[in-house]
Amino acid sequence: LNINTIKSAETSALVKYGNTTVICGTKLELAAPKAEDPDSGFLVTNVELVPLCSPKFRPGPPSDHAQVISNVVSEIINNSKFINLKDLCIVSDKLAWVLYCDIVCLDNDGNVVDACITALTASLKTLSLPTVTYDPETEEIKVDTNNRISLKVNGLPVATSFAIFPNCERSILLTDPNTFEEEMCGGNGANITVSWNNGFLCGY
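First things first, this report covers the structure right here in the doc. Remember, it's a predicted structure, so these values are computed and weren't measured experimentally.

## Some points on unusual backbone geometry
And then number 1: Even without being a glycine, Asn-4 presents a positive backbone phi close to 55°.
And then number 2: The residue Asn-4 is located in the loop between β1 (2-3) and β2 (11-17) in this model.
And then number 3: Residue Asp-93 is not a glycine yet carries a positive backbone phi of 65°.
And then number 4: Mapping Asp-93 onto the fold places it in the loop between β5 (89-91) and β6 (95-107).

## Here we look at helix α1 (residues 64-80)
And then number 1: Compared with an ideal rise of 1.5 Å per residue, which puts 17 residues at 24 Å, α1 spans 24 Å between its outermost C-alpha atoms and is within 8% of the ideal.
And then number 2: Every buried residue of α1 is listed here: Ala-66, Ile-69, Ser-70, Val-73, Ile-76, Ile-77 and Ser-80. The buried side chains of α1 occupy one side of the element, clustering within an arc of 130° when seen end-on. For α1, the exposed residues lying more than 90 degrees away from the buried face are Asp-64 and Asn-71.
And then number 3: Looking at the residues trailing α1, positive phi occurs at Lys-81, about 60°.

## Things to note about the pattern of salt bridges
And then number 1: Applying the stated criterion to the full structure yields two salt bridges.
And then number 2: A salt bridge links Glu-10 to Arg-148, with the shortest nitrogen-to-oxygen separation between them at 3.3 Å. A residue pair is termed long-range when its members are at least 10 positions apart, and Glu-10 in the loop between β1 and β2 and Arg-148 in strand β8 (residues 140-150) qualify at 138 residues.
And then number 3: Classification of Arg-148 by relative accessible area gives partly exposed; the value is 32%.
And then number 4: The salt bridge partner of Lys-56 is Glu-183, with a shortest N-O separation of 3.6 Å. Note that Lys-56 is positioned in the loop between β4 (42-49) and α1 and Glu-183 in helix α3 (residues 179-184), a separation of 127 residues in sequence.

Calculation notes
- Residues numbered from 1 in each chain as written.
- Predicted model: local features only at pLDDT ≥ 70, side-chain atom pairs only at ≥ 80, totals over all residues.
- Heavy atoms only, no water.
- Helix = DSSP H or I, 4+ residues; strand = E, 2+ residues; numbered from the N terminus.
- Expected span 1.5 Å × (residues − 1).
- Buried < 20%, exposed > 50% of the residue type's maximum accessible area, 1.4 Å probe, protein only.
- Arc of directions from axis to C-beta.
- Salt bridge = Lys/Arg side-chain N within 4 Å of Asp/Glu carboxyl O.

Shape descriptors only; they carry no functional weight alone.
Encoded structure:
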């Protein structure tokens, strides 16, 4: 695990699990909160499985597999309450932070969700937000990048992958399966189990 490997991002993390390599970069943006949730900011996660990471992927729009993984990662992080979106609100109904977390798989040899969760949490744990002042009369926004506040995080979500190999006599449970083992398990695929620091199950 390497932190701040991308200098163009606010914060980043590079994770290597065996032969699987994933990198996450986080960018910041200011926006108005949603009308239905005026006291919260935004956490937007996106996972890309580029052709570089595996011969199975081709250039073009995101594959169905990439979209599924992206949804799983987003669901796990949201369910874990790792980030309180209310902490991203600067002025209720006026101004809030948007965290864009782009996760790219550089080498895919299984356990992609595990690596994505580790890279994402490591990136967010090291994120600091610039101080922002907002003038309600003139609606002027001033951002002080020299004065920063660390983002509050709650616990540490950890993902562990399991693959079930059906056998005539009994099924075999494989922990941390690689790509060959995942494909060998056929339609059963890999089941993801995630526990928060207090034992709360936030995804499976």
